Amino acid sequence: MKLRTLMFSLLAPACLAALPLPCAAVTADGSTWHATRVGDTDYVPLEDLRSFYKFIPVEGASATRSVGNGDITLTFGPDSRDLLVNGIRCRLSHPTRSGAQGDLLLSKVDLVKLIDPVLRPTYIPDRQVIRTVVLDAGHGGHDVGTVSPYVREADATLLVAAALGRELSKHGFEVVFTHEDNRYLSDQQRVDAANAAKDALFISLHLNSGRSDTRGVETYTMEPAALEDKLLPGNKHDAANAALAMALQASLVRRCGAVDGGLRRARYSILSSLECPAALVELGYATNKEEGSLLDTQEYRDSLAKALAEGISTFAKMMDPATKLQVRETPAAAPAPPAAVKPAAPAPVKPAVTAKNKPSKPTKATKPAANRSSNKRSTPAPSGRKGR
């Protein structure tokens, strides 16, 4: 099967086929970079990334650095942990640094376990067919999650999970629910249900809370381990987690018009114990009047479900070992935006995912926050996330 676009079919107009043939034959496993140790973290210069992917500098806003090829644009900054991939926001695990010659330095972990899997998902090691999606509606029973004047988290996530299950069934997936009614489950029960499923991925659905003027969708995956660290079960699929999270986040932002809160990383207990690719999705802020009111409508919940199903389907196609990267040896004649860059020609996409839906009963995720009951997620979110 040929794959023209990575999840950038969602990010339009970026395409994997724009990555030239020479670099596509190389594995970005961390051994190909010129690393510099800064504290306890290995860093590599942006020039290494630019050269490896055959990108060129792209003009951007002040206090940012951009590289790309006309189809794919990476923009670093202005915050030291900010990365935009064709406009979709990602939070880096480690801040960028300035080298001795003024070069921008990026952590090797972010290159190997975020940037490369997002740019070249068909090069993720040990890909396997995804046939089953385990859906976890956050909270339930006495644990109602966030409650606002506009929406109750436990109710909304259960309804989105049901709608998403129906959409995934149309895409041919088997669907397993951690619970289909309003009842409490521990994190471990949810994890056990996911780990028992074969050829699966796991999605936990939540609503966020914060200041009344804060809104947006966020997609969390397990904080990746350093290349030399001992792995937790949730780190087994660090690269696949990044590709899954990008597919989900891009689809939600593009298809629902949601504010982009970004792809983020955290060591939430439910994510750290999973043995399959997984993401925890914050569908919006229940405490924001406009977003909370939207989340209380069936129309918006259905749109979220369709966007998530599209993202999951895109990810599943990329994980199928039959999916091959189609590249061209010569660049396209005419450049595409943004800026004057040299795009390489895209190659076609032939998706294929097979499976069937069959709901059953698995488990949940949890997170502390203002106005929440005792458990939602067991660990605090990254810095800057109030109430997490």
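Keep in mind the model is a prediction, meaning the values are calculated, not measured.

Points about the confidence of the model for the protein
For the protein, the mean per-residue pLDDT works out to 82, and 74% of the residues sit at or above 70. Counting contacts from residues 20-26, a segment whose pLDDT is below 50, to residues more than four positions away or on other chains yields 18 contacts. Below pLDDT 50 for its whole length, residues 327-388 participates in 235 contacts with residues either more than four positions away or in separate chains.

Observations regarding the packing of aromatic side chains
The full count for this structure, using the stated rule, is 3 aromatic pairs. Taking the centre distance of 4.8 Å and the plane angle of 90° together, the rings of Phe-52 and Tyr-53 count as edge-to-face. The pair Phe-52 / Tyr-53 is uniform in exposure class, with both members buried. Among the aromatic residues, ring-to-ring pairing joins Phe-52, Tyr-53 and Phe-55 into one connected group.

Concerning the pattern of salt bridges
In the structure shown here, the tally under the stated rule is 15 salt bridges. Its salt-bridge partner being Asp-238, residue Lys-113 comes within 3.0 Å of it at the nearest N-O pair. Taken together, the positions of Lys-113 in helix α3 (residues 108-119) and Asp-238 in helix α6 (residues 238-256) put the pair 125 residues apart, joining distant regions of the chain. By relative accessible area, Lys-113 is classed as buried at 12%. Here Asp-199 makes a salt bridge to Arg-131, at a shortest N to O gap of 2.9 Å. In this pair, Asp-199 sits in the loop between α5 (187-196) and β13 (200-208) while Arg-131 sits in the loop between α3 and β11 (132-137), placing the two residues 68 residues apart along the sequence. Bridged by salt links that share partners, the residues Asp-79, Asp-82, Arg-89 and Arg-91 form one connected network.

Some details on the side chain of Asp-110
Relative to the elements of secondary structure, Asp-110 occurs in helix α3. Buried within the structure, Asp-110 lacks any salt-bridge partner; its nearest side chain of opposite charge belongs to Arg-265, at an N-O separation of 6.0 Å. Polar contacts involving the side chain of Asp-110 include one to the main-chain amide nitrogen of His-94, which spans 3.1 Å. Excluding anything up to four places from it in sequence, Asp-110 contacts Leu-92, Ser-93, His-94 and Ile-115.

Quick look at α3
Burial analysis of α3 places 12 of its 12 residues in the buried class, the great majority of the element. Residues of α3 that are buried include every one of Lys-108, Val-109, Asp-110, Leu-111, Val-112, Lys-113, Leu-114, Ile-115, Asp-116, Pro-117, Val-118 and Leu-119, and no others.

Observations regarding the packing of α3 against α6
Put simply, α3 and α6 touch, their axes get as near as 8 Å, and they point 55° apart. Between α3 and α6, the angle falls in the class oblique. The crossing of α3 and α6 is right-handed. Facing α3, whose interface residues are Lys-113, Leu-114, Pro-117 and Val-118, α6 presents Asp-238, Ala-239, Ala-242, Ala-243 and Met-246. For the contact of α3 with α6, a count of residues per class yields 7 nonpolar, no polar and 2 charged.

Reading the values: rules and limits
Residues numbered from 1 in each chain as written. Predicted model: local features only at pLDDT ≥ 70, side-chain atom pairs only at ≥ 80, totals over all residues. Heavy atoms only, no water. pLDDT = per-residue confidence, 0-100. Contact = heavy atoms within 4.5 Å. Phe/Tyr/Trp six-rings, centres within 6.5 Å; stacked < 30°, edge-to-face > 60°. Buried < 20%, exposed > 50% of the residue type's maximum accessible area, 1.4 Å probe, protein only. Salt bridge = Lys/Arg side-chain N within 4 Å of Asp/Glu carboxyl O. Helix = DSSP H or I, 4+ residues; strand = E, 2+ residues; numbered from the N terminus. Lys, Arg positive; Asp, Glu negative; His and termini not counted. Polar contact = N/O pair within 3.5 Å; in protein donor to acceptor, adjacent residues only side chain to side chain. Axes fitted to C-alpha atoms, helices over the stretch in contact; angles between N-to-C directions. Parallel < 35°, antiparallel > 145°, perpendicular 65-115°, else oblique. Left-handed = near helix turned anticlockwise from the far one by under 90°. Nonpolar A, V, L, I, M, F, W, Y, C, P; charged D, E, K, R; others polar.

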